[in-house]
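# Close look at the chain arrangement
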Amino acid sequence: MLSGTEADVINSVARLRTASKNQIRRQVGFSLEYIGFLCRDLVRRGFLDFSQGRYSLARKGIKTLLAEETPKVDRKLLKSVAGEVAREISGELKRAVKGIKIPAAAVEIKKEPGIKTLEEQKKIRTDFDFPVEDESLVLESNINKIGIQTEKEKSAGMDKSVKFYKEMYRRRKKK
Amino acid sequence: MSKSKDEKGVVSLKGPIRKGKGVDIGTMFIKCAQKEDNEIVFKSQRNAFFEVEHTDFTKNILNNSKVRYIIKENKLYVVGHEALEFANMFNKETRRPLSRGVISPTEKEALPMVELLIKNVVGEPAYKNETVYFSVPGEPLDADFNVLYHIKMAEGFLKTMGYTPNPINEGHAIILSELAEEDFTGMGISFGGGMVNVCLSFMSVPVFKFSVAKSGDWIDQQVAMAVDETATRVSAIKESSLDLSKEEGLSKIESALAIYYNHLIEYVIEAVKQEFAKTRRLPRITKPISIILSGGTSLPKGFSHRFRQILDQLKLPVPVGSARMASQPLRSVAKGALVAASADESRK
């Protein structure tokens, strides 16, 4: 998953074609160090390329820009990037399918609204009792002798919370 | 008015004295809250241990210096805060019975240690079947593990001790502790040691709750790798002197910590946005909600300001009023669990 700022970084690099850390920082905000960290991480994950102090989009970055679930995608960039990707993919396809018989694509099964998937239908009970032995009996310790760190605070605020919570519970039960 | 007697023979005019307890079982600390007269008493123990040489001499020194230890199969472990100090002294890492919010699968000493720490912190029930609410993490969005084993172990052990245990989500407990004035509507985010737990609640009912398996420990590990230090030392600096409102004059470790704090906050807010998008039946929230920040990882100065800055950039799909720290960030989970336990007890 890309975070919002990571998507911003990718957008900004796409907009500038090649960009220095400083240029990205000016567009995205945050400190130079944080932007540097994000860029390095995006290079490591294959979203950006880095050469001679400048970042550019790597293949994964271009594809991500086109993916619908990517947050904050700058749609204006899509047109220009789409052509680039289309050329790349068609070249790749041509190489891959040369002489290979391609099976028909699997039909994606779309979930009908209101119909539960098998996963949703499964209801696993977790309210069972699970007896646990006291394995600590074999341990020797001086914690009891020294005592446990203790702090105190006034409980007036908490009493009010308990009262409200009980009230709310009662109202919910009535409904 | 009838007199009644509880299990331990305590007589009360209105019936048996029922109070309950709230326990926060966290990666870093185990903390128990209980009411005593007009006060809430918190007992806590750090969840870390460090093996030292087991001789009578060491044992005596530890006893004399009031350092807590546990002996298991002829091995001597310093536990609690002192474990951190020992680890720093030897430039090594502490060991932890809980990792990423649940009983550590890689520590074979983990279970009896956790049991002993719980037993010492929670103590015996005041009467048979006293209600105890214990905090549990939400299902992690980004890690392939289930929290059921951890919940069942904690529940089973508290039952063995004579309690009536009930799990409560960590984020939900924060809401019960801090948002009574706002009808328990808002978001509780606990930045713990091993996980960040998030709960959105509407009129005290959780709308969604989840966790992410990155938090304080993750920051420590990443920074440790980046600057070639031990995670324990990074953690010590983070806890003692980190100031996230400082922008200049940061040391190498502080700069790295600031970077990873940004990353963590952003990661959490993105996960919250994702959860909003996934939730089918969102209640109509008309008023801006409050976000309560809590947990040990949220303690550095400037944390809530940094959170607000990033939140303003990334924006949630609901209006947010204030994003503020819990009144006592290290106590709010235990306190919220105690609110639930006390409410249950008084309904009995």
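That block above? That's the structure.
The rules behind the values
- The numbering scheme is per chain: residues are counted from 1 as the chain's sequence reads.
- The lettering of chains begins at A and the numbering of ligands begins at 1, in the order of writing.
- A pLDDT threshold of at least 70 governs which residues receive local features in this predicted model, and a stricter bar of 80 or more applies before side-chain atom pairs are shown or counted, although totals over entire chains, interfaces and linings include all residues.
- With hydrogens and water stripped out, all remaining heavy atoms of the structure feed into the side-chain values.
- Working definition: helices are DSSP H or I runs of at least four residues, strands are E runs of at least two. Numbering for both runs from the N terminus.
- Remark: exposure states derive from per-residue accessible area (1.4 Å probe, protein chains only) relative to the maximum for the residue type, with buried under 20%, exposed over 50%, and partly exposed in between.
- Whether two residues are in contact is decided by their heavy atoms: any pair within 4.5 Å suffices.
- Using a 1.4 Å probe, the Shrake-Rupley method yields the accessible areas, and only the shown protein chains count as cover for residues.
- Criterion used throughout: strands pair if DSSP finds at least two bridges between them.
- For helices, the axis comes from a line fit to the C-alpha atoms of the stretch in contact; other axes are also lines fit to C-alpha atoms, and the angle between any two N-to-C directions lies between 0 and 180 degrees.
- An angle below 35 degrees is read as roughly parallel, one above 145 as roughly antiparallel, one from 65 to 115 as roughly perpendicular, and any other as oblique.
- Two helices cross in a left-handed way if the nearer one is turned anticlockwise from the farther one by less than a right angle. They cross in a right-handed way if the turn is clockwise.
- Classification convention: Asp, Glu, Lys, Arg as charged; Ala, Val, Leu, Ile, Met, Phe, Trp, Tyr, Cys, Pro as nonpolar; all other residues, Gly among them, as polar.
- Throughout, the accessible surface (probe 1.4 Å) given up by two parts as they are put together, summed over both, is called the buried area.
- We count a salt bridge whenever a side-chain nitrogen from Lys or Arg sits within 4 Å of a carboxyl oxygen from Asp or Glu.
- Distance and chemistry together define a polar contact, namely a pair of N or O atoms within 3.5 Å, with one atom able to donate a hydrogen and the other to accept it when in protein, and with adjacent residues in sequence counting only for side-chain atoms on both sides.
- Think of it this way: a Phe, Tyr or Trp ring, Trp meaning its six-membered ring, pairs with another when their centres are within 6.5 Å, and the plane angle makes it stacked under 30 degrees, edge-to-face over 60, tilted otherwise.
- Counted as over-ring charges are cases with an Arg CZ or a Lys NZ within 6 Å of the ring centre that also lie within 35 degrees of the ring normal.
- Multiplying one less than the number of residues by 1.5 Å gives the expected span of a helix.

Regarding its fold elements, chain A presents eight helices and five strands. For chain A, the sequential pattern of α-helices and β-strands runs α-β-α-α-β-β-α-α-α-β-α-β-α. A total of 175 residues make up chain A; the buried ones form 31% of that total. For chain A, restricting intrachain contacts to residue pairs at least 6 apart in sequence, the fraction spanning at least 24 positions comes to 48%. If you sum the accessible surface of chain A, you get close to 12,500 Å²; carbon and sulfur atoms cover 54% of it.

Next up on the list: the pairing of strand E7 (residues 69-72) of chain B. Each regular strand shows side chains that alternate between the opposite faces of the sheet. Alternating positions in E7(B) separate into two faces, Tyr69(B) and Ile71(B) on one and Ile70(B) and Lys72(B) on the other, with burial throughout. By the bridge criterion, two bridges tie strand E4 (residues 140-141) of chain A to E7(B) in an arrangement that is antiparallel. Residue pairing in the sheet places Glu140(A) in a bridge with Ile71(B) of E7(B). As defined by bridge partners, E7(B) adjoins strand E8 (residues 75-79) of chain B across four bridges and the pair is classed as antiparallel. Residue pairing for E8(B): Lys72(B) is matched across the bridge by Lys75(B). Taken together, E7(B) and the strand that follows it, E8(B), pair antiparallel across an intervening segment of two residues, in which Glu73(B) is found at a positive phi of about 45°.

All names here are of chain B. In contact at an axis separation of 9 Å, helix H6 (residues 216-227) and helix H8 (residues 252-278) are set at 135° when each is read in the N-to-C sense. Taken together, the axes of H6 and H8 are oblique relative to one another. For the pair H6 and H8, the sense of crossing is right-handed. Contacts between H6 and H8 pair Trp-218, Ile-219, Gln-222, Val-223 and Val-227 from the former with Lys-252, Ile-253, Ala-256, Leu-257, Tyr-260, Tyr-261, His-263 and Leu-264 from the latter. Per-class residue counts for the contact of H6 with H8 are ten nonpolar, two polar and one charged.

Next up on the list: the interface of chain A and chain B. Contact with chain A, which involves 53 residues of that partner, is made by 69 residues of chain B. Carbon and sulfur atoms make up 57% of the surface buried where chain A meets chain B, a total of about 5,700 Å² over both sides. It is Glu153(A), Met158(A) and Tyr165(A) that lose the most area in chain A upon contact with chain B, and together they represent 12% of the buried surface on that side. Remark: the boundary between chain A and chain B carries seven salt bridges. With a shortest N-O distance of 3.1 Å, Lys59(B) and Glu140(A) are connected by a salt bridge. Summed over the shared surface of chain A and chain B, the result is 21 residue pairs in polar contact (both at pLDDT 80 or more). Among the elements of the structure, helix H1 (4-16), helix H3 (32-44), E4, helix H7 (143-146), strand E5 (149-154) and helix H8 (156-174) of chain A are those that each provide at least two residues to the side of chain A that touches chain B.

Under the criterion given, the structure shown has 13 aromatic pairs over all chains. Judged by centre distance (6.2 Å) and plane angle (15°), the rings of Tyr34(A) and Phe37(A) are stacked. One end of the pair, Tyr34(A), and the other, Phe37(A), are both in helix H3, three residues apart, so they sit about a helical turn from each other. Considered together, Tyr34(A) and Phe37(A) belong to a single accessibility category, that of buried residues. Ring centres of Phe49(B) and Tyr77(B) lie 5.3 Å apart, and the angle between their planes is 90°; this geometry places the pair in the edge-to-face category. With Phe49(B) in strand E6 (residues 49-52) and Tyr77(B) in strand E8, this residue pair connects regions lying 28 residues apart in the sequence. Taken as a pair, Phe49(B) and Tyr77(B) share a single burial class, namely buried. Among the aromatic residues, those joined into a cluster by ring pairs are Tyr34(A), Phe37(A), Trp218(B) and Tyr260(B). Between Lys214(B) and the ring centre of Tyr267(B), over which it is positioned, the NZ or CZ distance is 3.9 Å.

Right, let's talk about the side chain of Asp217(B) for a bit. Inspection of the secondary structure puts Asp217(B) in helix H6. What Asp217(B) contacts, discounting residues up to four positions off in sequence, is Thr27(B), Met28(B), Arg96(B), Gly193(B) and Gly194(B).

Here we have four strands laid out as an open sheet, ordered E4(A)-E7(B)-E8(B)-E6(B), and antiparallel in their pairing. Both edges of this open sheet fall to E4 of chain A together with E6 of chain B, since each of them pairs with a single strand only. Together, E6 and E8 of chain B form the strand contacts of helix H2 (residues 81-89) of chain B, whose direction differs from that of E8(B) by roughly 110°.

What follows deals with the pattern of salt bridges. Residue and element names in this part refer to chain B. This structure, assessed with the given rule, holds 24 salt bridges over all chains. The partner of Arg-324 in a salt bridge is Glu-182, and the shortest N-O contact between them spans 3.1 Å. Taken together, the residues span a long stretch of sequence, with Arg-324 in strand E17 (residues 320-325) and Glu-182 in the loop between helix H5 (170-178) and strand E13 (186-191) at a distance of 142 residues. For Lys-238, the salt bridge is made with Asp-220, and the minimal N-O distance between the two is 3.0 Å. Here Asp-220 lies in helix H6 and Lys-238 lies in helix H7 (residues 231-241), a separation of 18 residues in the sequence. One exposure class covers both Lys-238 and Asp-220, and it is buried.

Attention now goes to the packing of H1(A) against H3(A). All names here are of chain A. Between H1 and H3, the least distance of the axes is 10 Å, while the angle of their chain directions is 80°. In this view, H1 runs roughly perpendicular relative to H3, as classed from their interaxial angle. Listed contacts from H3 to Thr-5, Glu-6, Val-9 and Ile-10 of H1 are Leu-38, Cys-39, Asp-41 and Leu-42. Of the residues in the contact of H1 with H3, the class split is five nonpolar, one polar and two charged.

If you check helix H3 (residues 110-122) of chain B, its first and last C-alpha atoms are 18 Å apart, about what 13 residues at 1.5 Å a residue would give, namely 18 Å. Looking at H3(B), one finds that the buried residues are Ala110(B), Leu111(B), Pro112(B), Met113(B), Val114(B), Glu115(B), Leu116(B), Leu117(B), Ile118(B), Asn120(B), Val121(B) and Val122(B).

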